[in-house]
Amino acid sequence: MEILDLFEEGKVYEVLLVTKSNVTPIGIVRRGNNIYFKLFWGKSFREIKEHPFGVIQITQDVELLIKAALNIPIDAEFENTKVIPLKRIKNLSWVEGKIEFEEDEIEDELGKSKVLKCKFVPLYGKIIPAITKPLSRADYVLLEMTVYLTRLFVATRRHKVDVAQKLYSKIWQGYQEYKRLGGKSEFAEKIMGLALISVRWNS
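Residues numbered from 1 in each chain as written. Predicted model: local features only at pLDDT ≥ 70, side-chain atom pairs only at ≥ 80, totals over all residues. Heavy atoms only, no water.

1. Focus on the overall build of the chain
The line we're drawing: The way it works is that DSSP assigns letters per residue, a run of H or I at least four long becomes a helix, a run of E at least two long becomes a strand, and they are numbered from the N terminus. Only C-alpha atoms enter the radius of gyration, while the globule expectation follows 2.2 Å times N to the 0.38, with N the number of residues. A 1.4 Å probe rolled over the protein chains alone gives each residue an accessible area, and that area as a share of the maximum for its type sets the label: buried under 20%, exposed over 50%, partly exposed in between. Contacts: residue pairs with any heavy atoms within 4.5 Å of one another.
A tally of helices and strands in the chain yields 5 helices and 8 strands. Walking the chain from its N terminus toward its C terminus, one meets helices and strands in the order β-β-β-α-β-α-β-β-β-β-α-α-α. Taking 203 residues into account, the globule formula puts the C-alpha radius of gyration at 17 Å, and the chain, at 17 Å, falls close to it. Principal axes of the C-alpha set define a box for the chain whose edges measure 50 × 40 × 30 Å. Buried residues in the chain amount to 44% of all 203 residues. In the chain, once contacts between residues fewer than 6 apart in sequence are set aside, the share between residues at least 24 apart is 65%.

2. Description of the packing of helix H3 (residues 137-157) against helix H4 (residues 161-180)
Cut-off, in case you're wondering: Angles here are taken between N-to-C directions and fall from 0 to 180 degrees, while the axes themselves are lines fitted to C-alpha atoms, restricted in helices to the stretch in contact. Roughly parallel covers angles under 35 degrees, roughly antiparallel covers those over 145, roughly perpendicular covers 65 to 115, and oblique covers all other angles. By convention the crossing between two helices is left-handed if the near helix lies anticlockwise of the far one by an angle smaller than a right angle, and right-handed if it lies clockwise. When residues are sorted by character, Ala, Val, Leu, Ile, Met, Phe, Trp, Tyr, Cys and Pro go into the nonpolar class, Asp, Glu, Lys and Arg into the charged class, and all the rest, Gly among them, into the polar class.
Where H3 meets H4, the axes come as close as 9 Å, and the angle between the chain directions of the two elements is 160°. Between H3 and H4, the angle is such that the two are roughly antiparallel. Here H3 and H4 pass one another in a crossing that is left-handed. Contact residues: H3 offers Arg137, Ala138, Val141, Leu142, Met145, Tyr148, Leu149, Arg151, Leu152, Ala155 and Thr156, while H4 offers Val163, Ala164, Leu167, Lys170, Ile171, Gly174, Tyr175, Glu177, Tyr178 and Arg180. For the contact of H3 with H4, the residue count by class is 14 nonpolar, 2 polar and 5 charged.

3. Observations concerning the pattern of salt bridges
Test applied: Salt bridge criterion: a side-chain nitrogen from Lys or Arg within 4 Å of a carboxyl oxygen from Asp or Glu.
All chains considered together, the criterion is met by 11 salt bridges. Here glutamate 77 ties to lysine 90 by a salt bridge, and the two come within 3.6 Å at their closest N and O atoms. Of this pair, glutamate 77 sits in the loop between helix H2 (62-69) and strand E5 (78-80) while lysine 90 sits in the loop between strand E6 (87-89) and strand E7 (94-108); the two residues are 13 residues apart in sequence, bridging distant segments of the chain. By relative accessible area, which is 32% here, lysine 90 ends up partly exposed. A salt bridge links aspartate 108 to arginine 151; the shortest N-O distance between them is 3.7 Å. Here the residue aspartate 108 occupies a position in strand E7, and arginine 151 occupies one in helix H3, the gap between them amounting to 43 residues. Salt bridges here are not isolated pairs; linked through shared partners, they connect Asp108, Glu109 and Arg151.

See below:
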């Protein structure tokens, strides 16, 4: 499948995963003709167990990835896929496929968590020509801040005070770096505000 050539084997890519009624960012790795990823407990986790299909969509819109991560409504038009019973985001390159999964449990600094180990078997895909702006170093920093924020939410829910403080510190350092690199997105302020609320609530 031509679109798979966009993914170099063994390299981690940040993409969007569309399930029955949810959109979430995931990190994927291509191995051979299949794509692998992990999902932690949440809406997409539950939907895949009930309806094992998905659409992987490619975007360079960092704010779109952040909105999906923070469950902020996405202003996008959806349309039917070609071979599976799902919708996809219009005007983004996509791969649709079936998902084979194994439920497992992992343990890290946040404690034990349920995880779905997924094998995505591509069935159909298409590259959509688009004019995209180049990603800046600030964009990557903003994305990392979002990842730390989602982990901070888990740490505060589980009352992991030390872990929460470390994650807040990483977000604050990221915020300083983002500003230094010329970042101007309102999401930087939003992420810092949410991080401050979470760490205060946990203290």
